[in-house]
Amino acid sequence: MSDDKIAQIVAEARAEIAQCNSADQIESLRVKYLGRKSAVVAVLRGLKDLDGEQRKAVGQQANEAKEQIELLLADHLQSLGGAKSSQNAGLDYTLPGKRYPEGKLHPITRTLNEIIDIFYGMGFEVALGPEVETEYYNFGALNFPPDHPARDMQDTFYVGKDTLLRTHTSPVQIREFEKRKPPIRIVAPGRSYRQEAISARAYCVFHQLEGFYVDHDVTFADLKGVLVAFAQTYFGDDVKMRFRPSFFPFTEPSAEVDISCFLCGGKGCRICKHEGWLEILGCGMIDPNVFKSVNYDPEVYSGYAFGMGIERIAMLKYRIDDIRLFFNNDIRFLRQF
Ligand code: DAH
């Protein structure tokens, strides 16, 4: 088909379209000029039989003709005041766009991400472990004596004789020690479960972040350094830290760590129950018995570990006074983060 022929089709279309006075007429012209049996489409179909240069030239003309006719149809339809059947015409570009609701991260996810980022920056990798654990990983390998009260059905959700919902993230230590050799520097975030009386301060499921570092000559000073750096990054440079002697089966010596209350600066207020200090984590030097259960020589290696409750930290940071709010999924609560 020649240039002239294509130009002629456009001219005919233009003339016919100008005569239209209803959307239906426009629609039938659309079929006539752009439908499957139209001359323009026939040209486009025939392109495959043409050779290179010609195909390019004719194809371009046919496409331009198609666009022109579409525009003529759309313009005329708009001038008739009806645009319902058109794709391009009749749009009111001044109308506000559709708003799609925007999702957000849960405050616990957000808190975890922020904390992980800080440790990642200090060279820690991230590892995960299963939430359904065996007694061995959750207790035995962590040096809990056979009659330890935490092993009791009263405190722990058992799902089988030897299987349970992990009561802390510490079993990830054992799983990672079994998989590799020191140096190991890991944080392990995740859910933990305890059969506790539900209250504003305790819920049956919660999140922890476990951290541990094993190498030659790791000392308590290394542990302090890392935890102080973490607290200052997360809570602010002015925060003070206090290490209180404590006990955990899997660490010796052990400590519980408090930060100075950032609300009252340590003077005493409702949040810190007038003590000036807030407990945020447990930690210590990994007990030689733990190393023995994974065949690490305690004469060769030493290491530290720590574990923090994420809900507790998020509650302190965002001044939330009831842990259950994290699990109700009340959209009014979640929207605030
Ligand atoms: N697993 C302890 C708990 O759930 C927290 C903890 C304390 C973890 C001391 C540690 C640690 O790694 O060294 O109460």
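Remember, predicted model here, so these are calculated numbers, not experimental data. (Residues numbered from 1 in each chain as written. Predicted model: local features only at pLDDT ≥ 70, side-chain atom pairs only at ≥ 80, totals over all residues. Heavy atoms only, no water.)

Hey, could you run me through the overall build of the protein in this one?
A tally of helices and strands in the protein yields twelve helices and nine strands. Against the globule reference of 20 Å for 337 residues, the protein gives a C-alpha radius of gyration of 35 Å, more extended than a compact globule. The principal-axis extents of the C-alpha atoms in the protein amount to approximately 95 × 50 × 45 Å. Each of the 337 residues in the protein was classed as buried or not, and the buried ones make up 42%. The long-range share in the protein, meaning contacts at least 24 apart out of those at least 6 apart in sequence, stands at 65%. Surface accessibility of the protein: about 19,000 Å² in total, with carbon and sulfur atoms responsible for 51%. (Helix = DSSP H or I, 4+ residues; strand = E, 2+ residues; numbered from the N terminus. Rg over C-alpha atoms; globule rule 2.2 N^0.38 Å. Buried < 20%, exposed > 50% of the residue type's maximum accessible area, 1.4 Å probe, protein only. Contact = heavy atoms within 4.5 Å. Areas by Shrake-Rupley, 256 points an atom, 1.4 Å probe, with all protein chains shown as cover.)

Honestly, the nonpolar core in this entry has me stumped. Any pointers?
Note on soluble globular proteins: their nonpolar side chains tend to be buried together. Phe-119, Leu-209, Phe-306 and Met-308 are the most contacted members of the largest nonpolar core, which has 50 residues in total. No other element matches the seven residues that helix α8 (residues 220-235) contributes to this core. (Core = buried A, V, L, I, M, F, W, Y, C linked by side-chain atoms within 4.5 Å.)

Please explain the domain arrangement of the protein as it appears in this structure.
The extent of an interface is frequently quoted as the accessible surface area lost upon association of the parts. Along its sequence, the protein is carved into domain 1 (3-79) and domain 2 (107-334). Each of domain 1 and domain 2 has a C-alpha centre, and the two are 71 Å apart. (Domains from an automatic or database assignment.)

Would you mind going over the packing of helix α2 (residues 23-34) against helix α4 (residues 52-79) with me for this structure?
To characterise two packed helices, one gives the angle between the axes of the helices and the distance between these axes. At their nearest, the axes of α2 and α4 sit 10 Å apart, and the two run at 175° to each other. Of the possible angle classes, the one that applies to α2 and α4 is roughly antiparallel. Residues Ala-23, Ile-26, Leu-29, Arg-30, Tyr-33 and Leu-34 of α2 form the contact with α4, whose own contacting residues are Lys-66, Ile-69, Glu-70, Leu-73, His-76 and Leu-77. Across the contact of α2 with α4, the residue classes tally to eight nonpolar, one polar and three charged. (Axes fitted to C-alpha atoms, helices over the stretch in contact; angles between N-to-C directions. Parallel < 35°, antiparallel > 145°, perpendicular 65-115°, else oblique. Nonpolar A, V, L, I, M, F, W, Y, C, P; charged D, E, K, R; others polar.)

Looking at this structure, I do not really get unusual backbone geometry. What am I missing?
Pro-182 connects to Pro-183 through a cis peptide bond whose omega is 5°. Within the element layout of this structure, Pro-183 appears in the loop between α7 (171-179) and β4 (184-193). For the peptide bond that leads from Glu-252 to Pro-253, omega is -5°, which places it in the cis range. On the secondary structure map, Pro-253 appears in strand β7 (residues 251-260). Even without being a glycine, Asn-329 presents a positive backbone phi close to 55°. When you line up the elements, Asn-329 lands in the loop between α11 (325-328) and α12 (331-334).

Looking at this model, I keep getting lost on the environment of Cys-261. Mind explaining?
Of note, Cys-261 is situated in the loop between β7 and β8 (277-286). Dropping the residues within four chain positions of it, Cys-261 is found in contact with Gly-266, Cys-269, Ile-271, Cys-272, Gly-276, Trp-277 and Leu-278.

Please clarify how a nonpolar patch on the surface should be interpreted in this entry.
A contiguous nonpolar patch, built from Tyr-120, Val-126 and Leu-128 and spanning about 350 Å² of accessible area, is present on the exposed surface. Inspection of the secondary structure puts Val-126 in strand β1 (residues 125-126). (Patch = residues over 30% accessible without salt bridge, like charges linked within 9 Å, V, L, I, M, F, W, Y side chains within 5 Å. Salt bridge = Lys/Arg side-chain N within 4 Å of Asp/Glu carboxyl O.)

How should the site of the ligand be read in this particular structure?
As a structural note, the neighbourhood of the ligand is formed by 15 residues, with His-168, Ser-170, Arg-194, Gln-208 and Glu-210 the closest of them. One of the side-chain N or O atoms of Arg-194 is found 2.8 Å from an oxygen atom in the ligand. Here an oxygen atom of the ligand sits 3.4 Å away from a polar atom, N or O, in the main chain of Phe-306. Relative to its unbound accessible surface of 350 Å², the ligand loses 89% to contact with the protein. For the shell around the ligand, the secondary structure elements donating two or more residues are β5 (205-215), β8 and β9 (302-309). Across the shell around the ligand, the residue classes tally to five nonpolar, eight polar and two charged. (Near = heavy atom within 4 Å. Polar contact = N/O pair within 3.5 Å; in protein donor to acceptor, adjacent residues only side chain to side chain.)

What am I meant to see in the packing of aromatic side chains here?
Counting across every chain of the model gives 22 aromatic pairs. Measuring from centroid to centroid gives 5.4 Å for Phe-177 and Phe-212, while their planes differ by 80°, and the two rings are edge-to-face. With Phe-177 in helix α7 and Phe-212 in strand β5, the pair connects residues that are 35 residues apart, well separated along the chain. On the accessibility criterion, Phe-177 (1% relative accessible area) is buried. The buried category is assigned to Phe-212, whose relative accessible area is 0%. Feature note: the residues Phe-119, Phe-124, Tyr-213, Phe-230, Tyr-234, Phe-235, Tyr-304 and Phe-306 constitute an aromatic cluster, connected by ring pairs. Against the face of Phe-124 rests Arg-185, its NZ or CZ located 6.0 Å from the ring centre. (Phe/Tyr/Trp six-rings, centres within 6.5 Å; stacked < 30°, edge-to-face > 60°. Lys NZ or Arg CZ within 6 Å of the ring centre and 35° of its normal.)

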